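The chain contents come next:
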There are 2 protein chains.
Amino acid sequence: MAKLLSEVEREALLAPLVQAGWSMVDGRDAIEKRFEFKGFVSAFGWMTQVALWAEKLNHHPEWSNVYRSVDVVLTTHDCDGLSILDVELAGRMEALAAA
Amino acid sequence: MAKLLSEVEREALLAPLVQAGWSMVDGRDAIEKRFEFKGFVSAFGWMTQVALWAEKLNHHPEWSNVYRSVDVVLTTHDCDGLSILDVELAGRMEALAAA
């Protein structure tokens, strides 16, 4: 079962994500980011790659897509807040978007 | 370029969609429906099938996914409202969800 990130872990692990454009969601212990792509094929192609990782990690995003844009929210329902799984999935999303 | 549905077309074409669970979006000339699946693999699998059709029709949904649930909004930005493309894509979504 996933555990909430400690204060020390938050400082160490969230800072690089904030630098990459992630921010805290108002009123929730969750992070969010808008990813923009060249068009629908790139956007949905990225979502498909992320979906395979999400299933592998057994950790799934809340996300919405309008044409070339994907809005992502990450949090861990099991522990009602941010866990290491969110950091892992966010990192994977960044790597796939950069690839 | 897509044209807005006429009143006659609306009556004929939207009625079956309403019966299938679609409804008008408040304040927009758009239709919406929540699709529920067995789990993430089924939900995202369906999205992938729909994405291929969306690209083929060159008509894309606004949609969001949380685990096994997918919320869809359809409208046609070109004509700022419902066109035959929305009816076609909704019908395709229904057929794929039923398959």
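Above this text is the structure in question.
This is a predicted model, so every value here is computed, not measured.

Basis of the calculations
- Residues numbered from 1 in each chain as written.
- Chains lettered and ligands numbered in written order.
- Predicted model: local features only at pLDDT ≥ 70, side-chain atom pairs only at ≥ 80, totals over all residues.
- Heavy atoms only, no water.
- Core = buried A, V, L, I, M, F, W, Y, C linked by side-chain atoms within 4.5 Å.
- Buried < 20%, exposed > 50% of the residue type's maximum accessible area, 1.4 Å probe, protein only.
- Contact = heavy atoms within 4.5 Å.
- Helix = DSSP H or I, 4+ residues; strand = E, 2+ residues; numbered from the N terminus.
- Pairing = 2+ DSSP bridges.
- Least-squares fit on C-alpha atoms with pLDDT ≥ 70 in both.
- Phe/Tyr/Trp six-rings, centres within 6.5 Å; stacked < 30°, edge-to-face > 60°.
- Lys NZ or Arg CZ within 6 Å of the ring centre and 35° of its normal.
- Expected span 1.5 Å × (residues − 1).
- Bend = angle between axes of the 7 residues up to and from the residue.
- Salt bridge = Lys/Arg side-chain N within 4 Å of Asp/Glu carboxyl O.

1. Thoughts on the nonpolar core
In a soluble, globular protein the nonpolar side chains are often hidden away together inside. Grouped together as the largest cluster of nonpolar side chains are 50 residues, with contacts concentrated most on W46 and W63 of chain A together with W46 and W63 of chain B. Apart from the residues lying within four places of it in its own chain, the contact partners of W46 of chain A are F35, F37, W63, V70, V72, M93, L96 and A97 of chain A.

2. Some remarks on the pairing of strand β2 (residues 31-36) of chain B
Look at any regular strand and the pattern is simple: side chains alternate between the two faces of the sheet. Residue and element names in this part refer to chain B. Of the two faces of β2, only the one carrying I31, K33 and F35 is buried; E32, R34 and E36 on the other face are not. Note that strand β1 (residues 23-24) and β2 share 2 bridges and pair antiparallel. Across the sheet, the residue bridging to S23 is E32, located in β2. Between β1 and β2, which follow one another and run antiparallel, lie 6 residues, and G27 among them has a positive phi close to 75°. Across 6 bridges, the pairing between β2 and strand β4 (residues 69-74) is antiparallel.

3. Thoughts on the relation of the copies chain B and chain A
Once chain B has been moved 0.0 Å along the axis and rotated by 180°, it coincides with chain A to within an RMSD of 0.0 Å. Look at the turn and shift together and you get a two-fold axis relating the two. Measuring from the rotation axis to each C-alpha of chain B, the shortest distance belongs to S64 of chain B, at 1.9 Å. Both copies contact each other with a shared surface, as 100% of the interface residues of chain B are interface residues in chain A too.

4. Focus: the packing of aromatic side chains
All names here are of chain A. In this structure the tally under the stated criterion is 13 aromatic pairs over all chains. Residues F35 and W46 carry aromatic rings whose centres are separated by 4.5 Å and whose planes lie at 35° to one another, so their mutual orientation is tilted. Linking F35 in strand β2 (residues 31-36) with W46 in helix α2 (residues 40-57), this pair joins segments that are 11 residues apart in sequence. For the pair formed by F35 and W46, the shared burial category is buried. Aromatic side chains F37 and W46 sit 5.2 Å apart centroid to centroid with 40° between the ring planes, which places their arrangement in the tilted category. As far as burial versus exposure is concerned, F37 and W46 are alike and both buried. Positioned above the aromatic ring of W53, the side-chain terminus of K56 is 4.3 Å from the ring centre. When the ring centre of W53 is taken as origin, the NZ or CZ atom of R92, which lies over that ring, is 3.6 Å away.

5. A word on helix α1 (residues 7-19) of chain A
Since there are 3.6 residues in each turn of an α-helix, residues three or four apart along the chain are aligned in direction. Residues and elements named next belong to chain A. Look at α1: 18 Å from first C-alpha to last across 13 residues, which is about the 18 Å you get at 1.5 Å a residue. A maximum bend of about 30° is found in α1 at L13, where proline P16 lies one to four positions downstream. A positive backbone phi angle near 110° is found at G21, which sits one or two residues after α1.

6. Let's talk about the environment of M93 of chain B
Residues and elements named next belong to chain B. For M93, the location among the structural elements is in helix α3 (residues 84-98). Separated by 76 residues in sequence, M93 and L17 have C-alpha atoms that sit 11 Å apart. Filtering out sequence-adjacent residues up to four positions away, M93 remains in contact with W22, F35, W46, V50, P61, V72 and L74.

7. Regarding the pattern of salt bridges
What the rule picks out here adds up to 10 salt bridges over all chains. For R28 of chain A, the salt bridge is made with E62 of chain A, and the minimal N-O distance between the two is 2.8 Å. With R28 of chain A in the loop between β1 (23-24) and β2 and E62 of chain A in strand β3 (residues 62-66), this residue pair connects regions lying 34 residues apart in the sequence. A salt bridge links K33 of chain B to E94 of chain B; its shortest N-O distance comes to 2.8 Å. A residue pair is termed long-range when its members are at least 10 positions apart, and K33 of chain B in strand β2 and E94 of chain B in helix α3 qualify at 61 residues.

Purely geometric stuff here, so don't read any function into it on its own.
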